[in-house]
Amino acid sequence: MFPFCFEWVWDIGHAIFFGGFWYAISILGAGMTYCLLKAAYDTINDKGDSHH
Amino acid sequence: MVIDLDKCTGCGACMVSCMSENNVPFKEDESDKKLSITWMRVYKLTNGKSFPEAEIVYLPRPCQHCGGIGDHGHSPCVSVCPATATDYGYDTGIVSQIYTRCFGCRYCMGACPYHARHFNWWDPKWPEGMENYLSPNVSPRMRGVVEKCSFCYHRYQLAREQAIVEDREIEEKEYQTACTTACPAGAIVFGDLNNPAHKVHQIVKPDPHPDPMNHKVVGKSRNPKVFRLLERLGTNPKVYYMSDREWVRKAGDNYLKGEWENVKTHHGASSSHG
Amino acid sequence: MKIDRRSFLGLGLGAAAGVALSPVGVKLTDDSSIWTQNWPWTPVPEDGKITYDRSVCSLCPGACGISVKKINGRPVKIEGLDDYPINNGGACPHGISGLQYLYDPARIKTPLKKNGNKFEKISWDEAISLVAQKLGEIRKSGTPESLGLITGADSGSMAQLFERFMDAFGSPNTYNMPSLESNLALTAAALHGADRNLGFDLDHSDFILSFGAAIIEGWGSPVACIQANASRRERKAKLVQVDYRLSNTANAADKIIAVKPGTEADLALGICAVLLAKNLIAGDVNTSAFAAMLAKEYTPEKVEAITGVKAADMEALAMEFIKAKAPVAVPGKGRGDVGQSLREFAAVQALNALADRLNKKGGVFVMYPADYLSFSENVMDDAAKQGASKAKLAGSVNELVDKLEKDGGLSALFIYNANPCYALNNPEKVKVAMDKVGFKVSFSSFMDETALRSDVVLPASIFLERLEDVVSGGGLAKTVVGLCRPMVKPIFDTKHPGDALILLAQAMGDSIAQSFSWNSYDACLEQVTGKIWDTLSGDGYVVIDDKPPVGTPATDFTFLASAPKAAVPMGEGDYTLVPVDKMRLAVGSMISSPFAVKIISDKVLSGKYSVVEINPATAGILKDGDIAVLKTAMGKALVKIGFNEGIMPGVIGMPRGLGHAFNNPYVAGKGVNVNDLIGPVIEPGSGLDAAFGIKATLSKA
Amino acid sequence: MLDDALIPEGAKRCAFPIFIIGIIIVGAVLLWGVYAMFLCWFKGLNQTNMNDYYGFALWIWADLAVIAVGGGAFFTGLLKYIFKVDDLKNIINFAVIIGFICYSSALLILAIDIGQPLRGWFIFWHANVHSMLTEVAYCLSCYFAVLTIEFIPNILENRQVNKVPFFHHLAHNMHEVMAVFAATGAFLSFFHQGSLGGVAGVMFGRPFAYREGLLIWPWTFFLFTWSAAAFGPCFTLMVTKITEIITGKKLVGDKTVNLLAKISGWMITTYIIAKIIDTVYWAFVTVPSMGFELGHFYSNNGFYGYWILITEVILCGVVPGLLLINKSTRENPTTRTIAIILGVIGVCLNRWVMVLQIMAVPVMSFDSWALYIPSWQEVATTILPVAYGIILIAVAYRYLPVFPQELELNEPADAAAQN
């Protein structure tokens, strides 16, 4: 899972597999962080009109 | 490993020797063989004819230590284990099993066509006092993990350590599996298939080239009396079987109607090249 | 302050986030997995220095050399001993399982005394004095001959020690359980004179004609025989098996001669007749009466009618046999122990004699018992002399059972190396007979069927705990004395039966004590094996002799000339039930280990059921896997049907060695004891139980 | 009612006590399953009827099945957020909830199925990237995260929760970027649905399972993804139908239903064509090369015959496909429902075959068929997720605005109720 796990090898298989994995994870992470921060921001300077 | 099926008497010494060497547990009822942990299992095959034409053969089945398609080390079980708990030793050709890492998904059992892998459905339990005969060279397995024949890897380790200390190669007789040494009929021969000095190599004469008829297959025997189980699947086992009886050799694999006739002739023919 | 929903939710989330981010979760996950890798209830064997120790296995008469692997002196593995003259390196499943016997919690852990129908633990002192006192009373009453001994061992110092005790006590009533050894000795006595053994030189024969002998399934010295068979293949020596089912031996044979069960002797005699008729027999053996009998009773046609073997085939076989360089005929179907007749053994041996195969390389050796023991003169008082000179109660253990069951006759009985309440046919009758004996002393290591019925148990240490001389038996063509050495101190409060006997003798006092003046069995052994002790204790074995004996012994055919009748199976029914010996199942006084039971095929034992072999052709409405009722004149049992193309139609093969009834869930309560279904048929003259089978019926349960 | 405050504005729900009674009844079944689950955890897998021939059995089938039918979530999401098929907004929430249930169930079942649950995480930590199961585990858990993310806004829209400005804004913002999540989800789903197929396809020791393929991916990889996308919506529609029957309300407009049904129909048809091609190639090229005739896999045993192949491919594949692409049968509620049900059965049957029949077929010439019947513990733990699903749907339906169309579709009923 991590380069420091002993069965890790720097080969194409690991590159593709974990490349994809960490990519997906970071997207989800980033997305959620964005939403949370944005929500916090909106809450502070409350725009009640954010309904639509 | 080569097993001479014509010598095997089905006495079961190999099974017991294996169990006692590798701390294999036992239950009160072991008659359901699908729940019975036997790293080495002796199958009984019949030729289907009636007395007195009937014939049987006993076929001992340890883990076949497959090299996988093209013998690249991707054994059916090794390639599927999600946790790298079973691995192929490129130096020894032995398929290992790390009990403390296996988490019991049993995918390897599904992938193995030989049913050489067994699951610990129960906690291993020895009658009070009997755990005294357990050997420290092989750790007893805990419930919920898969186990299988290791070609007595611990014996290899001991022999190797000795050899390293004395700075030399391991000798043939130094590393023999428990089933081999136990067999009263001397039906099991064990050694390094790649070492021309070893008896197994001399019997099997493995063909280093891919089989022209099926490129998945490597290391086919050039001895017409010798065959492997399910060779056509391309599992490339390291266990070879030997028999003078044609019906026995045929039973080692699956053939379409009429196919055997050509295959058996080819079998001999393959000794021509390589 | 007032906590409103917002701050409350906020706090909640904060806490959750906090825990999630803290290392607690990770740590717990990791620890839990480490815990699963070291579950306290999964044993961790103690490591240590590896050593190997050599000894001899005495579980069966095979007498194989074994090598015991130890860790810090703790035995962990048994393997065959390389270069041992009997099994050089090979081993059988039972020997390898030896350690399971050693540590078995089901062993008898202390001396026991029957109290009502329960056993209570007693000390060795109590036990010895109790037995001594009981025996003392018997001697006082002036009937020392009413002490009996049933034993399995017939050779070695232990056998002689028991004999010595019986003599010193004053009783002739020693009986051996039927074994291949005893049957061969009986045969030799009938044909060549008393006190001889027969050894079959399978290693050098080029044509083995086996009359049902399960040569690779436990006959004789199992490992030696299996190795002989393996070498036979390399030597291109032929094996012809006379049998009514595809035993593993028959399967390994080059040819099978299918005979009706129980007609092996007739075939042998038929072949003799052919040889005589063709005048192909050796030398000038006086065979007149015998020859006449054969010419009359065993014409090829008659033999064909009896055995089912075509006359032509029999003649061809006879010719093949006599033309072979080194042929040998082997008697004793199955393991050659129970259900054998002297007629059959003698007929086969007669064939060997006529073919001039006695004392020839690759033939039969008529050997004198290994004479390496020198006991000092036995001290016998008058009572002893009188008693010992009295006639035996019966001619054989089977006849003894009859006698006891009818009108008793023994006031005390020793049982050593024997389990008659299981191993003899119709054990129920044996139990009744046993109950007629006032006082029974068992020297067993396990609470088997017979020990259960005894009044005192003097638990024996098993072979891994004792020093003993073990003589090769089992029809081997050589005599090897091996030394069984203690691999560990006794695990439980058991004693070497030799020591128990010595203690007992000394407790009895006067003449008996004088006969047993050693202070331990070990000392006794060293003394009586004087001539060979040094080599024995040094090399671990002594080869007494492995060459063909010189000269050709005379053969007396009178027993056969009297045209003894063949045993007829009891009762009626469309099937003949025959016991089947399996290599993986221990028989006689030996009980299968958990490992042995584990490797039994599910075509032999299925759950609680014995699986019987039956040819589909004669199975009638029964299907493979059905549960059926097997009925004989002796009783009935529930069995599972196992279709087997390899058995003669009309014959039911039932595994021997199952159905033990005592408290050990791993090896007992599994299947049926085939002996329960078979009644003894005593052969006149030999006293052997010649019941090779019994008529039976099968019906769907 | 005491939970009025939580019920979506204007929506009508059954009386609270009735609701609770319903929950209790289903909850009883749930507890039964939980009991069995703990038996398996504490006593070990000897509680099951699995054996060394059946390392994979009922549970793995259940896993594959729920994930297949759960495929409706990713596919609907894909269509809605990426291909902007806007009509699907009326069913997307529900699709997500069903997906959430399916995937959480799958993870739970896996946690029971493995012999060493406490070491389950080794599959991540000591990952063997060549194993299809590793791929499954990764994508499965990642996609489960996606589903949770997709589910959250719906929860936050609960009347009370939504009053909290932060949650209100969070829900809003998550809707904004949902396309990104949906895309990631689709990507992940493609792989784990596929690798579930790969699990069987790569077993070259098992001729019944083995398939040739593209690069490292056997054909079953693509077939599984495809079938999940094809039959998943059927399941979504089926559950919607059931919910409608139970609530006695129309919850999703016919336009949406028919649209989804149509898409599903075309997917099924195309899938089944591919499946037939695959089967034929496997039967007449792959398998003979290993020495087997097709008949070997469908004879000499008491259960598996050609019937199972025909049922899966024709009756539960071709038939629903055609019924759903044909306008008249699609828009006829009866035939549509029949097609949908057949479809769901079909995909489940396919997963059964690809798990249990593989284990049953003898490979060594001297081996024999192995059949198996699950123990009650296995059955109970397999029913557990169903009960849990029912409860979750009930609660979600009661307290969350799951169906945007609910009010408009049920106005007359509401009006009637008001006067």
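Scroll up to find the structure this text is about.
Just so it is clear, the structure is predicted and the values come from calculations on it, not from any experiment.

Caption draft 1: The sheet that holds strand β17 (residues 468-471) of chain C, seen in detail. Residue and element names in this part refer to chain C. In space, the 3 strands of this open sheet follow the order β17-β18-β19, with antiparallel pairing throughout. Both edges of this open sheet fall to β17 and β19 (541-545), since each of them pairs with a single strand only. Taking each pair of neighbouring strands and ignoring which way they run, the sheet shows an average axis angle of 20 degrees. Pairing analysis gives 4 bridges linking β17 to strand β18 (residues 479-484), with the strands arranged antiparallel. In the strand pairing of β18, V471 is matched with V481.

Caption draft 2: Highlighting the interface of chain A and chain D. With 31 residues of chain A at the interface, the matching set in chain D holds 26 residues. In this assembly, chain A packs against chain D so that about 2,500 Å² is buried in total across both faces, 78% of it on carbon and sulfur atoms. Among the residues chain A hides against chain D, the three largest losses belong to A:F17, A:L28 and A:M32. Together they make up 23% of the total. Remark: the boundary between chain A and chain D carries 0 salt bridges. Classifying every residue of the side of chain A that touches chain D by side-chain character gives 18 nonpolar, 7 polar and 6 charged.

Caption draft 3: A look at the pattern of salt bridges. In total, this model carries 56 salt bridges over all chains according to the counting rule given. Here D:E293 ties to B:K257 by a salt bridge, and the two come within 3.6 Å at their closest N and O atoms. With one member in each of two chains, D:E293 in the loop between α9 (254-289) and α10 (306-325) and B:K257 in the loop between α7 (246-251) and α8 (259-269) form a pair that bridges those chains. On the basis of relative accessible area, D:E293 is assigned to the partly exposed category, the value being 35%.

Caption draft 4: Local environment of the side chain of C:T529. All names here are of chain C. Tracing the sequence through the fold places T529 in the loop between α21 (521-528) and α22 (533-539). The class for T529 is buried, based on a relative accessible area of 0%. Here L525 takes part through its backbone oxygen, which lies 2.6 Å from a polar atom of the side chain of T529. Apart from the residues lying within four places of it in its own chain, the contact partners of T529 are Y372 and L373.

Caption draft 5: Geometry of the sheet that holds strand β10 (residues 238-243) of chain C. All names here are of chain C. Reading across the sheet, the 4 strands line up as β11-β10-β9-β12 and stay open at both edges, with parallel pairing between neighbours. Edge strands, defined here as strands with exactly one partner in the open sheet, are β11 (255-258) and β12 (327-330). The mean inter-strand angle of the sheet, taken between neighbouring strand axes irrespective of direction, is 15 degrees. Bridging between β10 and β11 involves 4 bridges; their strand directions are parallel. Counterpart to Q241 in the pairing with β11 is I256.

Caption draft 6: How the structure looks around the side chain of C:S472. Residues and elements named next belong to chain C. Tracing the backbone through its elements, the reader meets S472 in the loop between β17 and β18. S472 gets classed as buried once you look at its relative accessible area, which sits at 10%. Sequence-distant contacts of S472, that is, excluding residues within four places in its chain, are made with P61, A63, I86, K478, T479 and V480.

Caption draft 7: Region of the structure containing the state of the cysteines. Under the counting rule described, the total for this entry stands at 0 disulfides over all chains. B:C77 provides the cysteine sulfur closest to B:C112, a residue in no disulfide bond, and the two sulfurs are 6.4 Å apart. No disulfide involves D:C348; its nearest neighbouring cysteine sulfur is the one of D:C316, lying 9.7 Å away.

Parameters at a glance
The residue count restarts for each chain, going from 1 along the sequence in the order it is written. To read the labels, note that chains go from A and ligands from 1, taken in the order they are written. In keeping with the predicted nature of the model, local features appear solely for residues at pLDDT of at least 70, side-chain atom pairs appear and are counted solely at 80 or more, and the whole-chain, interface and lining totals rest on all residues. Calculation of side-chain values draws on the structure's entire complement of heavy atoms; hydrogens and water are dropped beforehand. In this scheme, strands are said to pair when DSSP sees at least two bridges between them. A run of H or I in DSSP becomes a helix once it reaches four residues, and a run of E becomes a strand once it reaches two; helices and strands are each numbered from the N terminus. Fitted lines through C-alpha atoms give the axes, limited to the stretch in contact for helices. The angle between two N-to-C directions lies from 0 to 180 degrees. Should any heavy atoms of two residues lie within 4.5 Å, those residues are counted as being in contact. Two parts lose some accessible area (1.4 Å probe) when they are put together, and adding that loss for both gives the buried area. Only one rule defines a salt bridge in this text: a Lys or Arg side-chain nitrogen within 4 Å of an Asp or Glu carboxyl oxygen. For this scheme, ten residues count as nonpolar: Ala, Val, Leu, Ile, Met, Phe, Trp, Tyr, Cys and Pro. Four count as charged, namely Asp, Glu, Lys and Arg, and the remainder, Gly too, count as polar. Each residue's exposure class comes from its accessible area (1.4 Å probe, protein chains only) as a fraction of the maximum for that residue type: buried when under 20%, exposed when over 50%, partly exposed otherwise. Under the rule applied, a polar contact is a pair of N or O atoms within 3.5 Å (in protein, one hydrogen donor and one hydrogen acceptor; residues adjacent in sequence only if both atoms are side-chain atoms). Two cysteine sulfur atoms form a disulfide, by the criterion used here, when they sit within 2.5 Å.

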